[in-house]
Amino acid sequence: MRLLLLLLTGCLLQLPGFARADEALPSWNPGAVRDALIAFVEGASAPGSDDFIPEAERIAVFDNDGTLWAEQPAYFQLLFAMDRIRALAPEHPEWRENAPFRAVIENDMKALAATGEHELLEVVMAAQSGMSSTQFAGIVQAWIDSARHPTTGRRYTEMVYQPMQELLTYLRAHGFRTYIVSGGGVDFMRPWTESVYGIPPEQVVGSSSELRFEITEDGPRLLREPALHHVNDKAGKPVGIQRFIGRRPVFAAGNSDGDLEMLQWTTAGEGRAFGLLVHHTDGEREWAYDRASAIGRLDRALDEAGPRGWTVVDMARDWRRVYPAIPAEH
């Protein structure tokens, strides 16, 4: 009987869903952070363990910008919106008389940075409204397939973090459902998250625009309107989780103060839970920033990490590599 059990165990370990603990997370350097992740995941998925979590409750939520992919020198959705404004500019000569639009058209980043949050939102809304949801998804996919990062020259989907990709895979192999809970636009993320992260569109929670259903000569459509429906950032993240997921997560990963309330909500539940903060400390392979950054500021959440028992990833120390290798045909 013992021999049979050993043989069965050996077979299970060959299946995709049963990764050996010592083979998990190869792009993470050995150390306390990797050990803590493995201990939590293995304990949560081991029946009979004091840390066991029923599979239905194994909900893991991840911020996107700065947690799953890079976010410097600006949020990638803003760069997408700027490209759209430039493409649409010939149809809107009035934009040259409007400060934020003129700054985008002239690629004056200094002037754009000096505009207020309301003006930036106006730019984003103009770039993403007045079309059907299907049309918008196609535009996003075309941009993701072709656009290049202004600093690295990589495609934006090549600037995902390899260690976090491995963590998503590792969690799913142990019965976790992985969700994106981001301040970014939900309709901007859904066209590509499944192919890039393995996260289907119904498991993406984000900020959303108002939609209007209408019947046209070509059939029914959902029209994107220039108004916000839900801002899924800061205190909006627990609201989005409850509204669209309906369970309190047991694992949350973020990188900024915009994720503070999501981590607070996740780790305040009954039983074991894991809070993870990605600290951008690597100025050579990526960007080093935290408390003073206008993009992805990490200040209050970093102060709360110790008292609340959250695990902080030191990118320079804990990650063996940052980005995945670029395909040979690139």
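What counts, and where the lines are drawn
Residues numbered from 1 in each chain as written. Predicted model: local features only at pLDDT ≥ 70, side-chain atom pairs only at ≥ 80, totals over all residues. Heavy atoms only, no water. Helix = DSSP H or I, 4+ residues; strand = E, 2+ residues; numbered from the N terminus. Expected span 1.5 Å × (residues − 1). Buried < 20%, exposed > 50% of the residue type's maximum accessible area, 1.4 Å probe, protein only. Contact = heavy atoms within 4.5 Å. Axes fitted to C-alpha atoms, helices over the stretch in contact; angles between N-to-C directions. Left-handed = near helix turned anticlockwise from the far one by under 90°. Phe/Tyr/Trp six-rings, centres within 6.5 Å; stacked < 30°, edge-to-face > 60°. Lys NZ or Arg CZ within 6 Å of the ring centre and 35° of its normal. Salt bridge = Lys/Arg side-chain N within 4 Å of Asp/Glu carboxyl O.

Caption draft 1: Up close: helix H2 (residues 32-44). Look at H2: 18 Å from first C-alpha to last across 13 residues, which is about the 18 Å you get at 1.5 Å a residue. Within the sequence span of H2, burial applies to Val-33, Arg-34, Leu-37, Ile-38, Phe-40, Val-41, Gly-43 and Ala-44. The inward-facing, buried residues of H2 contact helix H8 (162-173), strand E5 (251-254), strand E6 (274-279), strand E7 (311-314) and helix H14 (315-318).

Caption draft 2: Molecular detail of unusual backbone geometry. A cis amide bond links Gln-72 with the next residue in sequence, Pro-73, at an omega value of 0°. Tracing the backbone shows Pro-73 in the loop between strand E1 (59-62) and helix H3 (76-88). Unlike most non-glycine residues, Asn-107 shows phi in positive territory, near 55°. By the secondary structure assignment, Asn-107 is in the loop between helix H4 (99-105) and helix H5 (109-113). The backbone phi angle of Lys-234 is positive, close to 55°, even though this residue is not glycine. Mapped onto the fold, Lys-234 is located in the loop between strand E4 (219-230) and helix H11 (236-244).

Caption draft 3: Quick peek at the environment of Gln-162. Positionally, Gln-162 belongs in helix H8. It is 9.5 Å that separates the C-alpha atoms of Gln-162 and Pro-26, two residues lying 136 residues apart in sequence. When neighbours within four sequence positions are excluded, Gln-162 is seen to be in contact with Ser-27, Arg-321, Val-322, Tyr-323 and Pro-324.

Caption draft 4: Inspection of the packing of H3 against helix H6 (residues 117-128) at higher detail. Put simply, H3 and H6 touch, their axes get as near as 9 Å, and they point 65° apart. Here the hand of the crossing between H3 and H6 comes out left-handed. Contacts between H3 and H6 involve Gln-77, Leu-78, Phe-80, Ala-81, Arg-84, Ile-85 and Leu-88 from the first element and Val-123, Val-124, Ala-126, Ala-127 and Gln-128 from the second.

Caption draft 5: Just the packing of aromatic side chains, in detail. Throughout the structure, instances matching the rule amount to 19 aromatic pairs. Here Phe-40 and Phe-251 contribute two aromatic rings whose centre-to-centre distance is 6.2 Å and whose plane-to-plane angle is 40°, an arrangement assigned as tilted. A residue pair is termed long-range when its members are at least 10 positions apart, and Phe-40 in helix H2 and Phe-251 in strand E5 qualify at 211 residues. What makes Phe-40 buried here is its relative accessible area of 1%. Relative to Phe-274, the ring of Phe-40 lies with its centre 5.3 Å away and its plane at 45°, an arrangement referred to as tilted. Here Phe-40 is found in helix H2, whereas its partner Phe-274 is found in strand E6, with 234 residues between them in sequence. Taken together, Trp-69, Phe-76, Phe-80, Phe-136, Trp-143, Tyr-156, Phe-188, Trp-192 and Tyr-197 form an aromatic cluster joined through their ring pairs. A cation sits over an aromatic face here: Arg-224 above Phe-136, 4.0 Å from the ring centre. Across the ring face of Trp-265, the terminal group of Arg-248 is positioned such that the distance to the ring centre comes to 3.6 Å.

Caption draft 6: Spatial organisation of the pattern of salt bridges. All told, the structure shown has 16 salt bridges when counted by the stated rule. Across the salt bridge formed by Asp-187 and Arg-224, the nearest N and O atoms sit 2.7 Å from each other. You can see Asp-187 sitting in helix H9 (residues 186-189) and its partner Arg-224 sitting in strand E4, a full 37 residues away along the chain. Note that Arg-221 and Glu-214 form a salt bridge whose closest N and O atoms lie 2.6 Å from each other. We classify Arg-221 as partly exposed; its relative accessible area is 30%. On the accessibility criterion, Glu-214 (17% relative accessible area) is buried. A cluster of three or more residues bridged by salt bridges with shared partners is formed by Arg-212, Glu-214, Arg-221 and Glu-225.

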